[in-house]
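Structural overview for review
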Amino acid sequence: MELIPNLPNDIARECLIRVSYDQFATLLSTCKGWKTEIEMPEFFHHRKATCHAQKLVVMAQARVDPDTKQGVQKGCSLKPVYGLSVLELDTGNWVELPQVCDEFPDGLPYFCRIVAVGYDLVVMGGLDPVTWEVFGSVFVFNFLTAKWRRGTDMPGVRRSMFGCASDDDRMVYVAGGHDDEKNALRSALAYDVVKDEWIPLPDMARERDECKGVFHRGKFHVVGGYSTDMQGRFERSAEAFDITTWRWDHVQDDFLEASTCPSTCIGGDDVDMYMICKGDVVASKNAKWHLIAKLPGDVCQIAYMTRWQDKFLVIGSSRLEESQNAYVLNLKKSEWTKLEIPEKYCGHVQSGCYAEI
């Protein structure tokens, strides 16, 4: 069957892989042939391999009240309402994703985690913005259908402030955090997005509250955090779960250069890890940290950082409760470029993830 009348199918496929991600749902409903083609894993891989995948940053971001220019909850000046914003890196456009299944009338849960897995965006956990109840819920947004579905809740204790990361294929790995009584956790889980199933992992060697999860070189790295007894005093250590052996490696006691929040840690192609520490972008290679670049002054209160190819995106502000600014660092040129942020999208960024769709 011809995908496009009077065109060879290889040419038709070249047309389809160039369609913008926000038009996928329309393509799927156009004809069965297009639906079958686009839903094939080969389509996704070919789109990435030919550099036609679109680079997106999805963020849990405070919605901005146009009257006050602050991210606030209607009728309450103190509680921000969070929604999902998307920055299209190739165009600089900012857009909103649909609300999560009308499940959260007061906005996204505070401190929820966001992870990209293939065509899916997974939103899990967090705290009720009104009652502070801990959620174990999982919601999945599919970029092909532009629809949300409910996933299976996280099993076991209701955890918050956990680390998580995706293998970019079908799995999301979760570790640490704390329970309802603020007890730091050693336990870990894996979520199969395709099967909608949770798989228990062996416990980590140490409790890790407010840790950072990074999937890098076939391992799920859990960086920093602190134990119940240390409450807020971050460790410098890290440990990694090897997916092949299904075991945790030995703890690296002095992985971080300083005892600090590890929330900006991200993996690198030619280095072990990048992060922001004391106003600097730094990188670790062969167990040694070195300076990459100084942060611009108006993002010194860092909210979020991610990397793609040879570029970094950093979002932050000059002071707490100020509007957010965004910069891109070109690693090859060691140059910062400031991005224009529409007023609607200048609210605080709580978490985010990078996705190629």
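Averaged over all residues, the pLDDT of the protein is 91; the fraction at 70 or higher stands at 96%. Predicted confidence is poor over residues 72-77, with pLDDT under 50, and the contacts of this stretch with residues over four places away or in other chains come to 11 contacts.

Here the focus is the sheet that holds strand β11 (residues 197-201). What the four strands build is an open sheet, ordered β8-β9-β10-β11; its pairing is antiparallel. A strand with exactly one partner marks an edge of an open sheet, and here the two such strands are β8 (163-166) and β11. Strand-to-strand twist across the sheet, computed as the mean angle between neighbouring axes with direction ignored, equals 20 degrees. One ladder, built from five bridges, connects strand β10 (residues 188-192) with β11; its direction is antiparallel. Note that in β11 the partner of A190 across the bridge is I199.

Most of β10 is tucked away, with five of its five residues classed as buried. Burial of the side chains of β10 extends over both faces: A188, A190 and D192 are buried on one face and L189 and Y191 on the other. Judged from the five bridges that link them, strand β9 (residues 171-175) and β10 form a sheet pairing that is antiparallel. In the sheet register, A175 faces β10, and the bridge partner there is A188. Two successive antiparallel strands, β10 and β11, enclose a turn made up of four residues, where D196 displays a positive phi of approximately 55 degrees.

Residue pairs three or four apart in sequence face the same way in an α-helix, which turns once every 3.6 residues. Within helix α4 (residues 41-49) the residues assigned to the buried category are F43, F44 and R47. Down the axis of α4, the buried set is contained in an arc of 100 degrees. They therefore lie on one face. The exposed set on the far side of α4, more than 90 degrees from its buried face, consists of P41 and A49. Directly after α4, the chain includes C51, whose backbone phi takes a positive value near 65 degrees.

Taken together, four strands build an open sheet; the order of strands is β12-β13-β14-β15 and the sheet is antiparallel. Edge positions in the sheet fall to β12 (212-216) and β15 (247-248), since each of these pairs with one other strand and no more. Two elements, β12 and strand β13 (residues 219-223), share five bridges in a ladder whose sense is antiparallel. Of the residues in β13, the one forming a bridge with V214 is H221.

Tallied over the full model, the rule gives 21 salt bridges. We note a salt bridge from E39 to K35, for which the minimum N-O separation is 3.0 Å. With E39 and K35 both in helix α3 (residues 32-39), this residue pair falls four residues apart, about one helical turn. With a relative accessible area of 41%, E39 lands in the partly exposed category. Ionic pairing is found between K332 and D310, a salt bridge with its closest N-O pair at 3.8 Å. One end of the pair, K332, is in the loop between β21 (325-330) and β22 (335-339); the other, D310, is in the loop between β19 (301-308) and β20 (311-317), and 22 residues separate them in sequence. Judged by its relative accessible area of 71%, K332 falls in the exposed class. Owing to a relative accessible area of 18%, D310 belongs among the buried residues under this scheme. Overlapping salt bridges bring together R63, E96 and K344 as one network.

Criteria and cut-off values
- Residues numbered from 1 in each chain as written.
- Predicted model: local features only at pLDDT ≥ 70, side-chain atom pairs only at ≥ 80, totals over all residues.
- Heavy atoms only, no water.
- pLDDT = per-residue confidence, 0-100.
- Contact = heavy atoms within 4.5 Å.
- Pairing = 2+ DSSP bridges.
- Helix = DSSP H or I, 4+ residues; strand = E, 2+ residues; numbered from the N terminus.
- Axes fitted to C-alpha atoms, helices over the stretch in contact; angles between N-to-C directions.
- Buried < 20%, exposed > 50% of the residue type's maximum accessible area, 1.4 Å probe, protein only.
- Arc of directions from axis to C-beta.
- Salt bridge = Lys/Arg side-chain N within 4 Å of Asp/Glu carboxyl O.

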